[in-house]
Amino acid sequence: MKNTLDKGTVKIEKINIDANQKKRSFHIDFDFNKWKVFIYSCVFYCCGLFLGSYLYKISDSSTLDAMLSPRKQSILNLFATDLCSYFVLFLLVVFLGFCLIGFPLINIIPTIIGIEYGMRLSYLFINSNTKGIAYSIIMIIPFVSAFLTIISYSIEYSSEMSLNIYEIAKNNDRSKKYDIKPYLNKIFIFGMLIIAVSFISSVIKNLLFGIVTI
């Protein structure tokens, strides 16, 4: 009888140990500091989306509608348009990275992106209903997501650089030097990725424009 109780106790203890191990295996350590730049970018971008949508609803402008309306263009024109809009914001991120107080201002970039695409999406949803939703999912959202991801990485490194410049200036430590070469290498890669996204976006928009209509 005693042996039976001992075996039952051992089994219960083993079950408890296995349960605790399973709990630990499903536990996910979330480091906020590691992801805070991406979280802030998403939050500011979403704020921009809501603001852009609201601005479109209160604007009631035929000129704005004409600007937001998709139209057939050559690949070269589409590439130039996308590259210009993407690269201007990217260069602004880079510029703020070299500024003494750039790190608290840099999150305005995702907000600007959100405002622009909030207005575009609102135009499509309001004027084209289901077709507008399908057009947005295929022709806009994938490329905006790719661009926002690149911008978020750029913001992370630019914020770090700006903060380092601020700390050096604050402490008046002229002996301390900050090596900008790794930063410039990453920024160069991000710039090439933006060019690639702009090109892919222009090609796909041109090829699918006749198929995905609104």
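Since the model is a prediction, treat every value here as computed from it, not as a measurement. (Residues numbered from 1 in each chain as written. Predicted model: local features only at pLDDT ≥ 70, side-chain atom pairs only at ≥ 80, totals over all residues. Heavy atoms only, no water.)

J.: Lay out helix H5 (residues 108–171) with the relevant residues and their values.
T.: Between its terminal C-alpha atoms H5 stretches only 27 Å, short of the 94 Å expected from 64 residues at 1.5 Å a residue. Taking the largest bend as the criterion, H5 deviates by roughly 145 degrees, centred on Ser128. The positive-phi residue at the C-terminal boundary of H5 is Asn172, with phi of around 55 degrees. (Helix = DSSP H or I, 4+ residues; strand = E, 2+ residues; numbered from the N terminus. Expected span 1.5 Å × (residues − 1). Bend = angle between axes of the 7 residues up to and from the residue.)

J.: Can you break down the packing of aromatic side chains residue by residue, with the values?
T.: What the rule picks out here adds up to 9 aromatic pairs. Where Phe38 meets Tyr153, the ring centres are 4.9 Å apart and the plane angle is 75 degrees; that geometry is what we call edge-to-face. A residue pair is termed long-range when its members are at least 10 positions apart, and Phe38 in helix H2 (residues 32–59) and Tyr153 in helix H5 qualify at 115 residues. The class for Tyr153 is partly exposed, based on a relative accessible area of 36%. Each member of the aromatic cluster is reached from another via a ring pair, and the members are Phe38, Tyr153, Tyr157 and Phe190. Looking at Arg120, its charged tip hangs above the ring of Tyr117, at a distance of 6.0 Å from the centre. (Phe/Tyr/Trp six-rings, centres within 6.5 Å; stacked < 30°, edge-to-face > 60°. Buried < 20%, exposed > 50% of the residue type's maximum accessible area, 1.4 Å probe, protein only. Lys NZ or Arg CZ within 6 Å of the ring centre and 35° of its normal.)

J.: Please set out a nonpolar patch on the surface residue by residue, giving values where relevant.
T.: Taken together, the side chains of Phe125, Ile126, Ile133, Ile137, Ile138 and Ile141 present a nonpolar region at the surface, about 510 Å² in accessible area. Checked against the element boundaries, Ile133 lands in helix H5. (Patch = residues over 30% accessible without salt bridge, like charges linked within 9 Å, V, L, I, M, F, W, Y side chains within 5 Å. Areas by Shrake-Rupley, 256 points an atom, 1.4 Å probe, with all protein chains shown as cover. Salt bridge = Lys/Arg side-chain N within 4 Å of Asp/Glu carboxyl O.)

J.: Which residues make up the pattern of salt bridges, and what values go with them?
T.: In the structure shown here, the tally under the stated rule is 2 salt bridges. Between Asp82 and Lys205 there is a salt bridge whose closest N-O contact spans 3.5 Å. Of this pair, Asp82 sits in helix H4 (residues 75–97) while Lys205 is found in helix H6 (residues 181–208), placing the two residues 123 residues apart along the sequence. Note on Asp82: relative accessible area 8%, which makes it buried. Classification of Lys205 as buried rests on a relative accessible area of 18%. Of the charged contacts in the structure, one is a salt bridge between Glu116 and Arg120, with a shortest N-O distance of 3.5 Å. Residue Glu116 and its partner Arg120 are both found in helix H5; the two are separated by 4 residues, about one turn of the helix.

J.: Describe the side chain of Ser198, listing the residues and the values that go with them.
T.: Position of Ser198 among the secondary structure elements: in helix H6. Residue Ser198 is classed as buried on the basis of its relative accessible area, which comes to 0%. Engagement of the side chain of Ser198 in a polar contact is seen with the backbone oxygen of Ile194, the distance being 2.8 Å. Leaving out residues up to four positions away in the same chain, Ser198 has contacts with Phe79, Asp82, Leu83 and Tyr86. (Polar contact = N/O pair within 3.5 Å; in protein donor to acceptor, adjacent residues only side chain to side chain. Contact = heavy atoms within 4.5 Å.)

J.: Let's hear about the environment of Ile133: which residues, and what values?
T.: Taking the relative accessible area as the measure of exposure, Ile133 reaches 42% and is therefore partly exposed. On a C-alpha basis, the gap between Ile133 and Ser122 in space is 9.7 Å, while along the polypeptide they are 11 residues apart.

J.: So what's going on with the packing of H4 against H6? Residues and values would help.
T.: For the pair H4 and H6, the least separation of the axes is 8 Å and the interaxial angle reads 155 degrees. If you check the angle between H4 and H6, you find them roughly antiparallel. Here H4 runs over H6; the crossing is right-handed. Residues belonging to the contact of H4 with H6 are distributed by class as follows: 16 nonpolar, 6 polar and 2 charged. (Axes fitted to C-alpha atoms, helices over the stretch in contact; angles between N-to-C directions. Parallel < 35°, antiparallel > 145°, perpendicular 65-115°, else oblique. Left-handed = near helix turned anticlockwise from the far one by under 90°. Nonpolar A, V, L, I, M, F, W, Y, C, P; charged D, E, K, R; others polar.)

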